[in-house]
Amino acid sequence: MHKFQTICFCFPYRGGVGGVPTLFAGIARQLVLKEYSVSIVDYEDGTLRRLLGNEHKIKFYVYKDSNDHELFINDDLIVFQSMVPWSMYHGLTFSNRSRLFFWNCHPYNLIPQVPILSEKVLPFYRIYKALIKFVLYLYVVRARKFVQHMEKMHALVFMDGGNLRNTEYFLDLDIKKPIFLPIPVLSEKTRILAPVSKKIENICWAGRAVKSKMVPLLDMLRELSLLKGVDKYTIHIIGEGEFLDEFKLYVKELVNINVHYYDIMPYDDLIEFVRDRADFCAASGTLALNFSSIGVPTILLDVSMRAMSNRLFRFMYEVEDYSLGDTDFDIQREAFKSNLKSQILFLKDSYKIASEKSIHYVIERHSMQSICNLLIENMQRSRFYSISAVEGKFFSRPAVYSIFKFFKGKRK
């Protein structure tokens, strides 16, 4: 790929610092260091722009929700989080030479959603699949064709095996040659290879306090409360969200669990906190990689809405398919077999080994430099030209979509 080609990251979003803005911002900075011309598409007050506010070499396209607003993007390569085709950002137009590239960063990015019902039924994946086939059959067909076209045009990559399996299952697909592009992290200063306490009793969790992230944490804490050998586990909960109050009520019922709560911390402060206080961590998403990278063994939690009495656990370094948290669909595979008691015993007996494995896993599979190189290589292979998207009417919106979006907006 020639460095005179321009790369644009498109993710108009207002809200907290979530996974995709952080991902795109981190990679954009690295590409600027590699002397690529980089731009972003975001709202004037968007999260991605806020994260890159001091990067003066990055061009900024202002996105607006207005129906009569058109935004022309003249870059050679345009990177999106993957999406169902009818949800493409309104008003975007591209140069005929522009090529589109989609990164699947969430297991349900490419799955049609039923307003109101989706969040309640999704955990029951067989029922949800039957539901969308019945209620949204034409949407499922269209999403399937879109994925097939992206695959054919070398314009789609998956962050992990779970994203791939979810997409194949709900859309009845068999993607023959999937391309994986894992989520990258920057290397951090590793801590001294020793636990904070010899009893392995200080645990950190951080993230958005939402149900899907905290139900698996509750399952873990329930099991911890039943283990013998420690007078009391100290749990440090760092984050905010709508499920936090409910979480506090559940935790009060657990014995041998002492919980401290903290507001959201700037990233550097969070890493320092974990480095200084944690014997081990529990997390999902990119934070599981961040904590592992500093040598703090981290249990990768599922992303699940359903409590499980027999939930299985694994360290981040035991993952084989780049997963950053399995969904209810993938949990049923039982691709790994472990339990919390065995994990705690291993930390007590072989902490240094667990710490070193954590660091090496991140370096070997998720280093920012290697992932940036893979991204560039795969973007260059894309043959999904914007003009073919227009001619194929891939991004046209059915009338019913506007109705769904209206009701979704009313619920916020």
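Preceding this paragraph is the structure being described.
This write-up is about the structure you can find in this document. Owing to the predicted nature of the structure, the values given are computational and were not obtained by experimental measurement.

**Some remarks on the overall build of the protein chain**
So, point 1. In terms of regular secondary structure, the protein chain is built from 15 helices and 13 strands.
So, point 2. For 412 residues, the compact-globule estimate of 2.2 N^0.38 gives 22 Å, and the C-alpha radius of gyration of the protein chain, at 22 Å, lies within 12% of that figure.
So, point 3. With respect to the three principal axes, the spread of C-alpha positions in the protein chain is 65 × 50 × 40 Å.
So, point 4. Taken across its 412 residues, the protein chain has 56% of its residues classed as buried.
So, point 5. Sequence separation of at least 24 residues holds for 70% of the intrachain contacts in the protein chain that already meet a minimum separation of 6.
So, point 6. As displayed, the protein chain has an accessible area near 19500 Å², and 54% of this comes from carbon and sulfur atoms.
So, point 7. With 55 positive and 45 negative side-chain charges, the protein chain shows a spacing of 4 Å between the two charge centroids.

**Some thoughts on helix H4 (residues 125–135)**
So, point 1. All buried positions along H4 are accounted for by Tyr 125, Tyr 128, Lys 129, Leu 131 and Ile 132. Along the long axis of H4, the arc covered by the buried residues comes to 160°, so they all point the same way. The exposed residues of H4 that point more than 90 degrees off its buried face are Arg 126, Ile 127 and Phe 134.

**Details of the pattern of salt bridges**
Where charged atoms of side chains with opposite charge meet at close range, the side chains can pair.
So, point 1. Counted under the stated rule, the structure contains 14 salt bridges.
So, point 2. Two residues, Arg 49 and Glu 44, come together in a salt bridge whose shortest N-O distance is 2.4 Å.
So, point 3. Take Arg 49: its relative accessible area is 28%, and that puts it in the partly exposed class.
So, point 4. The shortest N-O distance in the salt bridge between Asp 172 and Lys 133 comes to 2.7 Å. Highlighted residues: Asp 172 in the loop between helix H6 (161–171) and strand S9 (202–206) and Lys 133 in helix H4, separated in sequence by 39 residues.
So, point 5. Through salt bridges with shared partners, a single ionic network connects Asp 219, Arg 222, Asp 302 and Arg 311.

**As for the sheet that holds strand S5 (residues 77–81)**
So, point 1. One open sheet holds the six strands; their spatial order is S3-S2-S1-S5-S7-S8, and the pairing between them is parallel. Of all strands in the sheet, those bounded by a partner on one side alone are strand S3 (59–62) and strand S8 (156–158). Across this sheet, the average inter-strand angle for adjacent strands is 20°, counted without regard to direction.
So, point 2. Running at roughly 165° to strand S1 (residues 6–10), helix H1 (residues 19–33) makes contact with S1, strand S2 (37–42), S5 and strand S7 (99–104) of the sheet.

**Overview of unusual backbone geometry**
So, point 1. With a phi close to 55°, Asp 172 is a non-glycine residue in the positive phi region.
So, point 2. Note on Asp 172: relative accessible area 37%, which makes it partly exposed.
So, point 3. Even without being glycine, Tyr 322 reaches a positive phi, approximately 70°.
So, point 4. Exposure remark for Tyr 322: the relative accessible area of 24% places this residue in the partly exposed category.

**Thoughts on the nonpolar core**
So, point 1. In this structure, Phe 9, Phe 80, Trp 103, Met 220, Leu 224 and Phe 384 are the most contacted members of the largest nonpolar core, which totals 140 residues.
So, point 2. Looking at which element gives the most residues to this core, the answer is H1, with eight residues.
So, point 3. What Phe 9 contacts, discounting residues up to four positions off in sequence, is Phe 24, Ile 27, Ala 28, Leu 31, Val 38, Ser 39, Ile 40, Val 41, Leu 48, Val 79 and Leu 375.

**Here we look at the packing of aromatic side chains**
So, point 1. Under the counting rule described, the total for this entry stands at 23 aromatic pairs.
So, point 2. Between the aromatic rings of Tyr 63 and Tyr 89, the centroid separation amounts to 6.0 Å while the plane-to-plane angle is 70°, which identifies the pairing as edge-to-face. With a gap of 26 residues between them, Tyr 63 in the loop between S3 and strand S4 (71–73) and Tyr 89 in the loop between S5 and strand S6 (92–94) connect regions that are remote in the sequence.
So, point 3. What makes Tyr 63 buried here is its relative accessible area of 5%.
So, point 4. Here Tyr 89 falls in the buried class, since its relative accessible area comes to 17%.
So, point 5. With a centroid separation of 5.7 Å and 80° between ring planes, the pair formed by Phe 102 and Phe 146 is classed as edge-to-face.

**Things to note about helix H5 (residues 137–152)**
So, point 1. Over its 16 residues, H5 runs 23 Å from end to end, which matches the ideal 22 Å to within 8%, given 1.5 Å per residue.
So, point 2. Residues Tyr 139, Val 140, Val 141, Ala 143, Arg 144, Phe 146, Val 147 and Met 150 constitute the buried set of H5.
So, point 3. His 154 sits one or two positions beyond H5 and adopts a positive phi of about 55°.

**What to know about the layout of surface pockets**
So, point 1. Quantified by volume, the second largest pocket comes out at close to 350 Å³.
So, point 2. As for the second largest pocket, its lining consists of 16 residues, of which Met 88, Leu 92, Phe 94, Val 390 and Phe 395 are closest to the centre.
So, point 3. Breaking the lining of the second largest pocket down by element, the ones donating at least two residues are S6 and helix H14 (386–391).
So, point 4. It is H14 that contributes the most residues to the lining of the second largest pocket, four residues altogether.
So, point 5. Residue classes in the lining of the second largest pocket are distributed as eight nonpolar, six polar and two charged.

The rules behind these values
- Residues numbered from 1 in each chain as written.
- Predicted model: local features only at pLDDT ≥ 70, side-chain atom pairs only at ≥ 80, totals over all residues.
- Heavy atoms only, no water.
- Helix = DSSP H or I, 4+ residues; strand = E, 2+ residues; numbered from the N terminus.
- Rg over C-alpha atoms; globule rule 2.2 N^0.38 Å.
- Buried < 20%, exposed > 50% of the residue type's maximum accessible area, 1.4 Å probe, protein only.
- Contact = heavy atoms within 4.5 Å.
- Areas by Shrake-Rupley, 256 points an atom, 1.4 Å probe, with all protein chains shown as cover.
- Lys, Arg positive; Asp, Glu negative; His and termini not counted.
- Charge placed at Lys NZ, Arg CZ, Asp CG, Glu CD.
- Arc of directions from axis to C-beta.
- Salt bridge = Lys/Arg side-chain N within 4 Å of Asp/Glu carboxyl O.
- Pairing = 2+ DSSP bridges.
- Axes fitted to C-alpha atoms, helices over the stretch in contact; angles between N-to-C directions.
- Core = buried A, V, L, I, M, F, W, Y, C linked by side-chain atoms within 4.5 Å.
- Phe/Tyr/Trp six-rings, centres within 6.5 Å; stacked < 30°, edge-to-face > 60°.
- Expected span 1.5 Å × (residues − 1).
- 1 Å grid on protein atoms, 1.4 Å probe; cavity = no way out; pocket = protein on both sides within 12 Å on 5 of 7 lines; lining within 4 Å.
- Points joined across faces, edges and corners; volume = space filled by probe spheres on them.
- Nonpolar A, V, L, I, M, F, W, Y, C, P; charged D, E, K, R; others polar.

No statement about biological role is implied by the geometric values presented.
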